[in-house]
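Structural description and commentary
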Amino acid sequence: MTKSSMSFEQLYRQQYGQLLALATGIVRDLGRAEDLVQASFVKAMTRWPDARYPDHVNAWLVTVTRNAALDGIRHNTMQAGKLDEIVMEISNEQTGTGELDTDQHPAMSDDMLRLMFTCCHPALNIDARVALCLNTICGLKTEQIARAFVISDASMSQRLWRAKNKIRDAGIPYEMPAEDELQTRLQSVLAAIYLIFNEGWLASGEQHQRMELVNEALRLGQILTQTLQDDSEVRALLTLMVLQHSRRHARFSADGEIVLLADQDRLLWQTDEIQQATNALEQIFSSGHGQGRYALMAAIAATHCNAAHASLTNWNEIVVLYEALMTVDPSPVVALNHAVAVGERDGPTAGLRLVNGLKEVAMMQRYHLYYATRADFLRRLNQNSEAAQAYQQALDCSPGLAEQKLLRRRLAQMSS
């Protein structure tokens, strides 16, 4: 898509995170930076009201945001002599003519990662850290982040509001974490990167995949991997994303319906990416570091990707991996995926029994995949009336048009 045909919303999604990271790096204040970025987009709308943006719009937004941030600093109460030195230092950092203080972690020169580590300060609740990253780095709306966390929009709005106030009131600085703090924040950063990937991978609305988010998550994962080469979970997360990304061309039908893993044309999968990721994963496990969350998730993805046909999937291995994953990540979503694997290995009755055991979990009552999984087991057991009811419940909760098309088709089959 050329910029001349890009909507304002698309421009906003693609540029928001980079601009916010740039502005925050200059003014060292997240709230002020958000105002500066919003003002830049308002100027863009005014300058190009028909949303026919020129090829240089990215550079234009960067220049406008950067200049506004520097102008804001100039109007502070600091004395002019000292101020000029600070402005020159910031200008050098942003243009690459100066040196950044990144001796410990060179990747921190990347503004996006710098902002992510700032948002993942230990003073914030861990869920708030990840939500804040999604909001600031990706410019995701409250309802999109709420869907990722399977909570209400109102609850997520309050969570973001409290997190931003905490950063402001506690004076949390925009700075690199010290060595002894890095691991504390790293898990939140990894979770945020994976949620960015998933938001792009499972995008709702008419755009089935938001590839700019997928690519940004992959880029951030690559930077972290290059910097923290000895961290197995960092490498495992990148491996997991590459394995999932390898199936990108087979995920949707010609009419925009999502294609389930078992039904995908595996000839469309990127075998070179699968092999590369599988080799990396084998190195992680052979070194004795395959017990982490992302390593286990990557192992599950690799088992799927290396099966030549759906019927050849090693479901026993996947069940065992999910059981190990539940010991490090005992979440309802992991339990649901475990139930799916058990149902494939032991039959739909066994799977349905485990799924029904999750019905009292609050988040499952808002999770469309819980109802879709239950419906699928009921369909396979020829309990069509109950299956139809579950498909309708899944449809009522489903955020994506591609998923809705599949659910409607399955629902129609139950009444035919």
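Just above sits the structure.
To keep things clear, this report deals only with the structure shown in the data block. (Residues numbered from 1 in each chain as written. Predicted model: local features only at pLDDT ≥ 70, side-chain atom pairs only at ≥ 80, totals over all residues. Heavy atoms only, no water.)

Quick word on the side chain of E233
- Tracing the backbone shows E233 in helix α11 (residues 232-245).
- Although E233 is buried, it forms no salt bridge, and the closest oppositely charged side chain is R293 at an N-O distance of 6.9 Å.
- Within polar-contact distance, the side chain of E233 engages the backbone nitrogen of Y294 at 2.9 Å.
- Setting aside residues up to four positions removed in sequence, E233 forms contacts with L190, G292, R293, Y294 and A295. (Helix = DSSP H or I, 4+ residues; strand = E, 2+ residues; numbered from the N terminus. Buried < 20%, exposed > 50% of the residue type's maximum accessible area, 1.4 Å probe, protein only. Lys, Arg positive; Asp, Glu negative; His and termini not counted. Salt bridge = Lys/Arg side-chain N within 4 Å of Asp/Glu carboxyl O. Polar contact = N/O pair within 3.5 Å; in protein donor to acceptor, adjacent residues only side chain to side chain. Contact = heavy atoms within 4.5 Å.)

Considerations on helix α8 (residues 153-169)
- In this model, α8 (17 residues) spans 24 Å end to end at C-alpha, consistent with the 24 Å of a helix rising 1.5 Å per residue.
- Those residues of α8 not exposed but buried are M156, R159, L160, A163, N165 and I167.
- In this structure, the buried residues of α8 make contact with α2 (30-47), α6 (126-137) and α7 (142-149).
- In the segment just after α8, G171 is the residue with positive phi, at about 65°. (Expected span 1.5 Å × (residues − 1).)

Some words on α11
- Helix length check: α11 (14 residues) gives 20 Å between terminal C-alpha atoms against 20 Å at 1.5 Å per residue, within 8%.
- The buried count for α11 comes to twelve of 14 residues, which makes it a mostly enclosed element.
- Those residues of α11 that fall on the buried side of the exposure criterion are S232, E233, V234, A236, L237, L238, T239, L240, M241, L243, Q244 and H245.
- Against α9 (179-201), α10 (211-227), α12 (271-286) and α13 (293-305) lie the buried residues of α11.
- With a side-chain oxygen positioned 3.1 Å from the backbone nitrogen of E233, the residue opening α11 is D231.

Regarding the packing of aromatic side chains
- Applying the stated criterion to the full structure yields eight aromatic pairs.
- Aromatic side chains W48 and W60 sit 5.0 Å apart centroid to centroid with 75° between the ring planes, which places their arrangement in the edge-to-face category. Separated by twelve residues along the polypeptide, W48 in the loop between α2 and α3 (57-74) and W60 in helix α3 bring together distant segments of the chain.
- Taking the relative accessible area as the measure of exposure, W48 reaches 12% and is therefore buried. (Phe/Tyr/Trp six-rings, centres within 6.5 Å; stacked < 30°, edge-to-face > 60°.)

Some thoughts on the pattern of salt bridges
- Tallying each qualifying case throughout the model produces eleven salt bridges.
- The salt bridge involving E34 is made with K164; its shortest N-O contact spans 2.9 Å. Of this pair, E34 sits in helix α2 while K164 sits in helix α8, placing them 130 residues apart in sequence.
- Under the relative-accessibility criterion, K164 is labelled partly exposed at 26%.
- Residue E257 is joined to R409 by a salt bridge in which the shortest nitrogen-to-oxygen separation is 2.7 Å. With a gap of 152 residues between them, E257 in the loop between α11 and α12 and R409 in helix α19 (residues 401-415) connect regions that are remote in the sequence.
- In this structure, a network of salt bridges that share partners links the residues E344, D376, R379, R380 and R410.

Quick notes on the environment of D231
- Looking at the secondary structure, you find D231 in the loop between α10 and α11.
- With a relative accessible area of 14%, D231 lands in the buried category.
- Separated by 53 residues in sequence, D231 and I284 place their C-alpha atoms 9.6 Å apart.
- Leaving out residues up to four positions away in the same chain, D231 has contacts with Q183 and L186.

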